[in-house]
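# Results of the structural survey
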Amino acid sequence: MIQGSDSATRSLDALIERFHSGERLRVWSFVITVFGDAIVPRGGMVGMAALQELTDRMRIAPGALRAALSRLAKDGWVERHRHGRKSYYRLTPESAATFARAARRIYAAGPPAWNGRWTIAIAPEETASERDARTANLTERGFVRLSNGLFIHPRTGTGETTPDDPGDLFVLDADAATVPDWVLSACSDVETDIAYSVLGATIAPLEDTLAEGGTLSPLDAMVARALLIHEWRRVLLRDADLPAALRPADWSGEETRTLVAGLYGRILAPSERWLDGCDGRPDGPLPPPERDLRGRFT
C-alpha cells in the first residue's frame, strides 16, 4: 500500500508540474475552480489559511495567492470578510451563478441528447470588434460559428439557446435532412480533440494507481480534485456542447470524460475529509456538503 501511495503522490506531482508548465500561471482561475467545485457546496465561505494550505501544496507562492484574491475582489468575483485578524472569502452571488451555469456542463454524465433540430442565428455585417464580441457571446451560449455572421446550435432540450437579446440577429428554428461533413468539422475543433486526449493521458496514471489500491492524503486528494476540475473545465468550456451524433467517430472528449468522472469519484471522499478539518468559517468548520454533490457525473 505504501508503494501505491508513493506512486499516487508522484502522479499528483506530475499534475502539479503540468499546472506550472503553462505559458501563464493563472492562480486566480484556479482559485475560482476551488470555490465553485468544493467551497460553494459547503456553504460558500472559506478562510485564507485553508486556501494557503492548498496552494502551498501546489507550490504557489503566498504572494501570488494574495495577488489573485485581490484581483478577484477588485473584479467582483469574491467578497472578503474580516473576523479578528483572519480573512475569509466567498464568491459573489454573480460569480457563483456564473460557475453554476458552467457546472451543468462540467459535471454532466455525458453529451446532451439531440432532437434533430437547429437554432440558426444570422448577424448583419459588422466591424471586426463587433464581430469578435458577437462571436464570444454566442459561443458562450453554445453556438458554433460556420462563417462570418452565421451561427448554429443543435436543439438539445437542455435549456433555451436563443440569445437573451436577439437585437438585430435573424434567429430561425429549423430541421436539417442531412448534416454535411464540413459542418461536423466546423463543430468539432481538432485542437480541442487533442487537448482532451492530452488531458486523458495526463490523469490516467493517477486513476490507474488509485484503482490498484494507491491512496492520497486528504490534502493531496483535495489538490488532485481541484486540479482535475480546473484542467477539465478549461478544455470542456472552450468546446461546443454537442450531442454524440455530431461528433467524429474518434472524438476523444467522451473517453476523457469517463476518466475524469472515475478519478473524481475516487478522490471525492478523502478530499471532503480535508474540507471537514480546514479553516472553514469564523463560527466553526464548514457545514456538510449539499446532497447533490455525490450526484456529479452521474
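Everything below is about the structure shown above.
A few points on the structure.

Cut-off values and rules
Residues numbered from 1 in each chain as written. Predicted model: local features only at pLDDT ≥ 70, side-chain atom pairs only at ≥ 80, totals over all residues. Heavy atoms only, no water. Helix = DSSP H or I, 4+ residues; strand = E, 2+ residues; numbered from the N terminus. Expected span 1.5 Å × (residues − 1). Buried < 20%, exposed > 50% of the residue type's maximum accessible area, 1.4 Å probe, protein only. Arc of directions from axis to C-beta. Contact = heavy atoms within 4.5 Å. Salt bridge = Lys/Arg side-chain N within 4 Å of Asp/Glu carboxyl O. Pairing = 2+ DSSP bridges. Axes fitted to C-alpha atoms, helices over the stretch in contact; angles between N-to-C directions. Parallel < 35°, antiparallel > 145°, perpendicular 65-115°, else oblique. Left-handed = near helix turned anticlockwise from the far one by under 90°. 1 Å grid on protein atoms, 1.4 Å probe; cavity = no way out; pocket = protein on both sides within 12 Å on 5 of 7 lines; lining within 4 Å. Points joined across faces, edges and corners; volume = space filled by probe spheres on them. Nonpolar A, V, L, I, M, F, W, Y, C, P; charged D, E, K, R; others polar.

This part covers helix H5 (residues 93-106). Spanning 14 residues, H5 covers 19 Å between terminal C-alpha atoms, matching the ideal 20 Å at 1.5 Å per step. Listing the buried residues of H5 in full gives Ser-95, Phe-99, Ala-102, Ala-103, Arg-105 and Ile-106. One side of H5 carries all its buried residues, which in axial view fall inside an arc of 150 degrees. In this structure, H5 carries Pro-93, Glu-94 and Arg-104 as exposed residues pointing more than 90 degrees from its buried face. Against helix H2 (27-39), strand S3 (86-91), helix H9 (218-236) and helix H10 (253-277) lie the buried residues of H5.

We now examine the pattern of salt bridges. Under the defined criterion, the tally for this structure stands at 20 salt bridges. Across the pair Asp-173 and Arg-117 runs a salt bridge, and its minimum N-O distance is 3.3 Å. Of this pair, Asp-173 sits in strand S7 (residues 170-175) while Arg-117 sits in strand S4 (residues 117-122), and the two are 56 residues apart along the sequence. The partly exposed category is assigned to Asp-173, whose relative accessible area is 45%. Where Glu-126 meets Arg-134, a salt bridge forms, and the shortest distance between an N and an O atom there is 2.7 Å. Through salt bridges with shared partners, one network takes in Asp-37, Arg-42, Arg-225, Glu-272, Asp-276 and Arg-296.

Turning to the pairing of strand S5 (residues 144-147), a few remarks are in order. Taken together, the three bridges between S5 and strand S6 (residues 150-154) define a ladder with antiparallel strand orientation. Paired with Ser-147 across the two strands is Leu-150, which belongs to S6. Between S5 and the antiparallel strand that follows it, S6, lie two residues; Gly-149 among them carries a positive phi value of about 85 degrees.

Strand order in this open sheet of four strands is S5-S6-S4-S7, and the pairing throughout is antiparallel. Here the strands that pair on one side only, and so sit at the sheet edges, are S5 and S7. For this sheet the average axis-to-axis angle between neighbouring strands, irrespective of direction, equals 30 degrees.

Ordered by their spatial adjacency, three strands build an open sheet running S1-S3-S2, and the pairing between neighbours is antiparallel. Two strands in the sheet have a free side with no partner beyond their single neighbour: strand S1 (45-47) and strand S2 (78-83). Pairwise comparison of adjacent strand axes, ignoring direction, gives a mean angle of 30 degrees for this sheet. Where S1 and S3 come together, three bridges link them in antiparallel fashion. The residue bridging Gly-47 from the neighbouring strand is Tyr-88, located in S3. Along the sheet, helix H3 (residues 48-57) contacts S1 and S3; its crossing angle with S1, the most-contacted strand, is approximately 70 degrees.

Where H3 meets helix H4 (residues 62-74), the closest approach of the two axes is 10 Å, and the angle between their N-to-C directions is 130 degrees. The orientation of H3 relative to H4 falls into the category oblique. Judged by the sense of rotation from one axis to the other, the crossing of H3 with H4 is right-handed. On H4, the residues touching Met-48, Leu-51, Gln-52, Thr-55 and Asp-56 of H3 are Pro-62, Leu-65, Arg-66 and Leu-69.

Below, the discussion takes up the layout of surface pockets. Taken as a whole, the second largest pocket spans an internal volume of roughly 280 Å³. If you go around the second largest pocket, you meet 17 residues; those closest to its centre are Ala-103, Tyr-107, Glu-290, Asp-292 and Arg-296. Element by element, the count of residues in the lining of the second largest pocket is highest for H5, at four residues. Among the residues forming the lining of the second largest pocket, the class breakdown is eleven nonpolar, three polar and three charged.

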